[in-house]
Amino acid sequence: MGMLVLFVTLMIEFVLAIYCVATKQIHSKLRSWVRIAIFSTFVLLTLSSVIIWSFSWVLLAILLFILAVIGSVSLIRNKANTKKYKGSRIIGKASMMTLALVIALVPALIFPQYKLPKVTGQYDVTTTTYTYTDENRIEEFTDTGENRFVNVQFWYPENADGTYPLLVFSHGAYGIKESNTSTYTELASHGYVVVSIDHPYHSFYTVSDDGTTTLVNTEYMQEISNSNTAGSYTAAEGYGLIQKWMKLRTDDMNFVMDTILHRSENDSDPIYQLIDTEKIGVFGHSMGGAASVWVGKERDDVSAVVNIDAPLFSELIYNTEINNFEASGDVYTTPLLNIYSDDVWVQLDTISTYAANKTIDMNSTESYTVHFEGAKHLSLTDLPLFAPIFANFLQGEKASIDTYYCIETQNELILKFFNYKLKGTGSFEFEPTY
């Protein structure tokens, strides 16, 4: 939609400029009426939901509104135009207008309008946010002595009776809690209470209940960047970073889960009364997937884990003799579904942070592995829908798999797995490769 709007508005400006040059007149009244017409059309398209209003349209709306006001004032004043025609002035104004339109439409081009993935459940879904403060931890990213806080968002069935399994999600290295919203919505529509966690200072940004925005920690971002650059860290140093990252992540997840379980018994808030505390699953993408596998290993009340494109850090050890990583060989007893993109799939046979992923099928009492051929790492999030240009930039190229096929198929698999393990419905049937 952004490209279409840009094309149409630029064509109008181009035709106006050509008409003025061809007739050697300024045509001020015509320009004013065109400005008013464009703004009116934009408003009508927005009200009729042809254009879905969002923050990405704000700059364009402001620009068109200003131009429409200037045009209206000009028509009301109805003063004769005393300016002499100059072709260079017409071309200059057209160039400036073109630049202004391009700038105003940049957000709509980066964050385009898109259709939502399919939601197939019987329940309408609603959402709410909370900020939890951990009285037992001091924030390590600041020197203020304040307690660690964690922002969470719930997706859950609206106007539903009974109780539903709890699913806890952790985002990627510097993602956000909304990273897999289509998945949360699909799960909630089938009778799950899904809570997604923002890990402050690991999250690109997070907003607390009081409106405070917390940005990602730059030192942490540098650690992530360096860890993805060969030779930046020794294997021992990399292993130390993994332990540090995972401790913060798993502490956050354990704190959120314990808080929810406590409030389910002591808080009258309806959302907590919807939760079946005997049925809990955890899942996450990238670093969040690694943390989910770790929590699933440590907690007895977690009955199912989904790892989306993550190294199995909890099953990894650093061997001093070979000065490298290797699988611990421990038996993983929680049912586990691994979902991989091409980016990770090609690393499973290497001696790297993925050294334990290949052996999990042998070291697990119940595990399943799925590969999305043609998918990139971020294909397993909603980012290619929300910001495809940004996703392609971060990945270095566009994924060859169809975006909707990838997301909707992944959502279907995750739903089937949790239904099988937490609700005891059906069997988990899947293809090794999609």
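Since we're looking at a predicted model, the values are computed, not measured.

Thresholds applied
Throughout, a residue's number is its position along its own chain's written sequence, starting from 1. Only residues with pLDDT of at least 70 get local features here, since the model is predicted, and only at 80 or more are side-chain atom pairs given and counted; chain-wide, interface and lining totals rely on the full set of residues. To get the side-chain values, take all heavy atoms of the structure and skip hydrogens and water. Note on conventions: DSSP H or I runs of at least 4 residues are helices, E runs of at least 2 residues are strands, and numbering of each starts at the N terminus. For every residue, the accessible area obtained with a 1.4 Å probe (protein chains only) is divided by the maximum for its type, and the residue is called buried under 20%, exposed over 50%, and partly exposed between those limits. For this analysis, residues touch if any pair of their heavy atoms sits within 4.5 Å. Residue exposure ignores everything except the shown protein chains as possible cover, and the areas themselves are Shrake-Rupley values with a 1.4 Å probe. His residues and chain termini do not enter the charge count, which takes Lys and Arg as positive and Asp and Glu as negative. Here the site of a charge means NZ on Lys, CZ on Arg, CG on Asp, or CD on Glu. Side-chain atoms within 4.5 Å link the members of a nonpolar core, which is a set of buried Ala, Val, Leu, Ile, Met, Phe, Trp, Tyr and Cys residues. Note on geometry: axes are C-alpha line fits, over the in-contact stretch for helices, and angles between N-to-C directions span 0 to 180 degrees. The hand of a helix crossing depends on one turn: near helix anticlockwise from the far one by less than a right angle means left-handed, and clockwise means right-handed. The criterion for strand pairing is that DSSP finds at least two bridges linking the strands in question. Put simply, two rings from Phe, Tyr or Trp (the six-membered ring, in Trp's case) pair if the centres are within 6.5 Å, and we call them stacked under 30 degrees between planes, edge-to-face over 60, tilted for the rest. Any Lys NZ or Arg CZ found within 6 Å of a ring centre and within 35 degrees of that ring's normal is scored as a charge over the ring. UniProt positions are given in the numbering used here, feature names are shortened, and annotations may be inferred rather than shown by experiment. A pairing counts as a salt bridge when a side-chain nitrogen of Lys or Arg comes within 4 Å of a carboxyl oxygen of Asp or Glu. Polar here means any residue other than Ala, Val, Leu, Ile, Met, Phe, Trp, Tyr, Cys and Pro, which are nonpolar, and Asp, Glu, Lys and Arg, which are charged; Gly is therefore polar.

Enquirer: Can you lay out the overall build of the protein for me, pointing to particular residues and giving the numbers?
Expert: Within the protein one finds 14 helices and 12 strands. Across the 434 residues in the protein, those meeting the buried criterion constitute 49%. Partitioning the intrachain contacts of the protein with sequence separation of at least 6 by distance along the chain shows that 73% fall at a separation of at least 24. A total of about 21000 Å² of accessible surface is found on the protein, and carbon and sulfur atoms cover 57% of it. Averaging the locations of the 29 positively and 47 negatively charged side chains of the protein gives two centres separated by 23 Å.

Enquirer: Break down the nonpolar core for me, with residues and values.
Expert: Counting residues in hydrophobic clusters, the biggest one holds 52 residues, and the most contacted among them are Tyr 132, Val 152, Phe 154 and Ile 260. At 11 residues, the largest contribution of residues to this core is made by helix H7 (residues 235–266). Excluding anything up to four places from it in sequence, Tyr 132 contacts Arg 148, Phe 149, Val 150, Val 152, Phe 154, Phe 255, Val 256, Thr 259, Ile 260, Arg 263 and Tyr 272. Formed by 29 residues, the second largest nonpolar core is a distinct cluster that contains Leu 337, Tyr 368, Cys 406 and Phe 418.

Enquirer: Any details on the packing of H7 against helix H9 (residues 287–298)? Residues and values, ideally.
Expert: Running from N to C, H7 and H9 cross one another at 65°; their axes reach a closest spacing of 9 Å. With respect to the hand of their crossing, H7 and H9 are arranged in right-handed fashion. Two secondary-structure elements touch here, H7 through Gln 243, Trp 245, Met 246, Arg 249, Thr 250, Met 253, Asn 254 and Met 257 and H9 through Met 287, Gly 288, Ala 290, Ala 291, Ser 292, Trp 294, Val 295 and Glu 298.

Enquirer: Account for unusual backbone geometry, naming residues and giving values.
Expert: Not every positive phi belongs to a glycine, and Ser 286 is a case in point at roughly 55°. As for its position among the elements, Ser 286 is in the loop between strand E7 (275–285) and H9. Of the residues examined, Ser 286 reaches a relative accessible area of 15% and is grouped as buried. A positive phi angle is found at Asn 323, which is not glycine, with a value near 55°. Summarising the element assignment, Asn 323 is placed in the loop between strand E9 (316–319) and strand E10 (324–327).

Enquirer: Summarise the pairing of strand E8 (residues 304–308); cite the residues concerned and give the values.
Expert: Of all five residues making up E8, five are buried, and the element is well covered by its neighbours. On E8, burial covers both faces: Ala 304, Val 306 and Ile 308 on one face and Val 305 and Asn 307 on the other are all buried. Sheet analysis places E7 next to E8, joined by five bridges and oriented parallel. Paired with Gly 284 across the two strands is Asn 307, which belongs to E8. Bridge count for E8 against strand E11 (residues 336–340) is four bridges, and the pairing is parallel. Considered in E11, the bridge of Ile 308 is made with Ile 339.

Enquirer: I'd like to hear about the packing of aromatic side chains, residue by residue, with values.
Expert: Scanning the entire structure with this criterion turns up 30 aromatic pairs. Ring centres of Tyr 192 and Phe 418 lie 6.5 Å apart, and the angle between their planes is 50°; on these two criteria the pair is classed as tilted. A residue pair is termed long-range when its members are at least 10 positions apart, and Tyr 192 in the loop between helix H5 (181–189) and strand E4 (193–198) and Phe 418 in helix H14 (residues 403–423) qualify at 226 residues. Phe 418 carries the same exposure label as Tyr 192, and that label is buried. Taking the centre distance of 5.1 Å and the plane angle of 75° together, the rings of Tyr 368 and Phe 428 count as edge-to-face. With Tyr 368 in strand E12 (residues 367–371) and Phe 428 in the segment after H14, this pair connects stretches of sequence that are 60 residues apart. Considered together, Tyr 368 and Phe 428 belong to a single accessibility category, that of buried residues. Ring pairs connect the aromatic residues Trp 155, Phe 169, Tyr 184, Tyr 192, Phe 283, Tyr 368, Phe 417, Phe 418, Phe 428 and Phe 430, which therefore count as one cluster. Lys 358 extends its terminal NZ or CZ atom over the ring of Trp 345, reaching a point 5.4 Å from the ring centre. If you follow Lys 421 out to its NZ or CZ, it ends over the ring of Tyr 420, 4.7 Å from the centre.

Enquirer: Run through the UniProt feature "transmembrane region" (unreviewed entry) in the protein, naming residues and quoting values.
Expert: In the numbering used here, UniProt assigns the "transmembrane region" (unreviewed entry) feature to residues 6–22, 34–53, 59–78 and 90–111. Helix makes up 100% of residues 6–22 and strand 0%. Its end C-alpha atoms lie 24 Å apart. Each end of residues 90–111 is marked by a C-alpha atom, and these two atoms are 32 Å apart; helix forms 95% of the span and strand 0%.

Enquirer: Explain the pattern of salt bridges to me, using residue names and the numbers behind them.
Expert: In the structure shown here, the tally under the stated rule is 17 salt bridges. Linking Arg 137 and Asp 252 is a salt bridge whose minimum nitrogen-to-oxygen distance equals 2.7 Å. Separated by 115 residues along the polypeptide, Arg 137 in strand E1 (residues 125–138) and Asp 252 in helix H7 bring together distant segments of the chain. Across the pair, Asp 252 and Arg 137 agree in class, each one buried. Bridged by salt links that share partners, the residues Asp 134, Arg 137, Glu 139, Arg 148 and Asp 252 form one connected network.

Enquirer: Could you give me a rundown of the packing of helix H3 (residues 58–77) against helix H4 (residues 87–110), with the residues and numbers involved?
Expert: Where H3 contacts H4, the axes come no closer than 7 Å and their chain directions differ by 145°. Of the residues in H4, those touching H3 at Leu 59, Leu 60, Leu 63 and Leu 67 are Met 97, Ala 100, Leu 101, Ile 103, Ala 104, Leu 105 and Pro 107. For the contact of H3 with H4, the class distribution of residues is 11 nonpolar, no polar and no charged.

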